[in-house]
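Okay, here's what each chain looks like letter by letter:
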Amino acid sequence: MGLIKQLVADAYGIAFTRFENVPAPGTKVSAREAFEAAMVQDGYAVLAAHRLRVLARRRHIPGANRVLRLFQTVLYSIEIGNEVELGEGVNFDHTLGIVIGGDSKIGARVKFLGNNTVGTAKDNGYPIIEDDVIVGCGARILGPIRIGRGAFIGANAVVLTDVPAGAIVGGIPAKILKMAPPLSI
């Protein structure tokens, strides 16, 4: 997918995650809502900078990756590793203190609520977070684990094991608190 198409898809994805409640299946986002999301969300600027970093590395543009990484870190207080894969419309609701490291894979429309860590504690692998997951404030997701589609990670949870689709988890270490049907968006 080209950069412009990717940025447009990201704007629509971020606009979609701005709904207060889970949107009904088949809900559409207008072009105006997508444009507004792109213009006012700090998370969109971070996502756009990440897309440019990927493009700069692919095209071997010297220094561009470093400058864009510094831009993300200084202006938005977010650290995203070079090998991280971000899906369409990942929403960094509050960018402050977010670290996503290694070769973590983040699905489409994942929403980070701030001060999150996604990485490894023992250099044994990195998480895969599937689509439509909400990661609560202060949550840590560590190790070679998978977070299923539509899961909700509670505030300050420390997730060290796989989380099934639709689960609500919380605590240290995180445990399943409730199971909900996976989202059908």
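Residues numbered from 1 in each chain as written. Predicted model: local features only at pLDDT ≥ 70, side-chain atom pairs only at ≥ 80, totals over all residues. Heavy atoms only, no water.

A. Expanded view of the sheet that holds strand E8 (residues 128-129). With respect to topology, 4 strands assemble into an open sheet ordered E2-E5-E8-E11, the strand pairing being parallel. This sheet does not close on itself; its edge strands, each paired only once, are strand E2 (85-86) and strand E11 (146-147). By the bridge criterion, 2 bridges tie strand E5 (residues 105-106) to E8 in an arrangement that is parallel. Bridge assignment links Lys 105 to a residue of E8, and that residue is Ile 128. (Pairing = 2+ DSSP bridges. Helix = DSSP H or I, 4+ residues; strand = E, 2+ residues; numbered from the N terminus.)

B. Broad picture of the packing of helix H3 (residues 42-58) against helix H4 (residues 64-76). At a minimum axis separation of 8 Å, H3 and H4 run at an interaxial angle of 165°. By the angle class used here, H3 and H4 are roughly antiparallel. Considering the relative orientation of H3 and H4, their crossing is left-handed. Of the residues in H4, those in contact with Asp 42, Ala 45, Val 46, Ala 49, His 50, Leu 52, Arg 53, Ala 56 and Arg 57 of H3 are Ala 64, Asn 65, Leu 68, Arg 69, Phe 71, Gln 72 and Tyr 76. Residues belonging to the contact of H3 with H4 are distributed by class as follows: 9 nonpolar, 3 polar and 4 charged. (Axes fitted to C-alpha atoms, helices over the stretch in contact; angles between N-to-C directions. Parallel < 35°, antiparallel > 145°, perpendicular 65-115°, else oblique. Left-handed = near helix turned anticlockwise from the far one by under 90°. Contact = heavy atoms within 4.5 Å. Nonpolar A, V, L, I, M, F, W, Y, C, P; charged D, E, K, R; others polar.)

C. Just the environment of Gly 107, in detail. Take Gly 107: it is sitting in the loop between E5 and strand E6 (111-112). Given a relative accessible area of 11%, Gly 107 falls into the buried group. Considering only alpha carbons, one finds Gly 107 and Ala 9, 98 residues apart in sequence, at a separation of 13 Å. Residue contacts for Gly 107: discarding those within four places in its chain leaves Gly 87, Val 90, Ile 129, Glu 130 and Asp 131. (Buried < 20%, exposed > 50% of the residue type's maximum accessible area, 1.4 Å probe, protein only.)

D. A look at the pairing of strand E15 (residues 175-179). Within E15, only 0 of the 5 residues are buried, which leaves the element largely exposed. Here 4 bridges tie strand E14 (residues 167-170) to E15, and the two strands are oriented antiparallel to one another. Across the sheet, the residue bridging to Val 169 is Ile 176, located in E15. A loop of 4 residues connects E14 with E15, the two strands running antiparallel in sequence, and Gly 171 in this loop sits at a positive phi of about 105°.

E. Expanded view of the sheet that holds strand E12 (residues 152-153). Judged by pairing direction, the sheet is mixed, and its 6 strands sit side by side in the order E3-E6-E9-E12-E14-E15 without closing on themselves. Both outer strands of the open sheet, strand E3 (91-92) and E15, are each paired with one neighbouring strand and no more. Strand direction decides the pairing type here: E3 and E6, joined by 2 bridges, are parallel. Each residue of the ladder has a partner; that of Phe 92, found in E6, is Phe 112.

That's the geometry; what it means functionally is another story.
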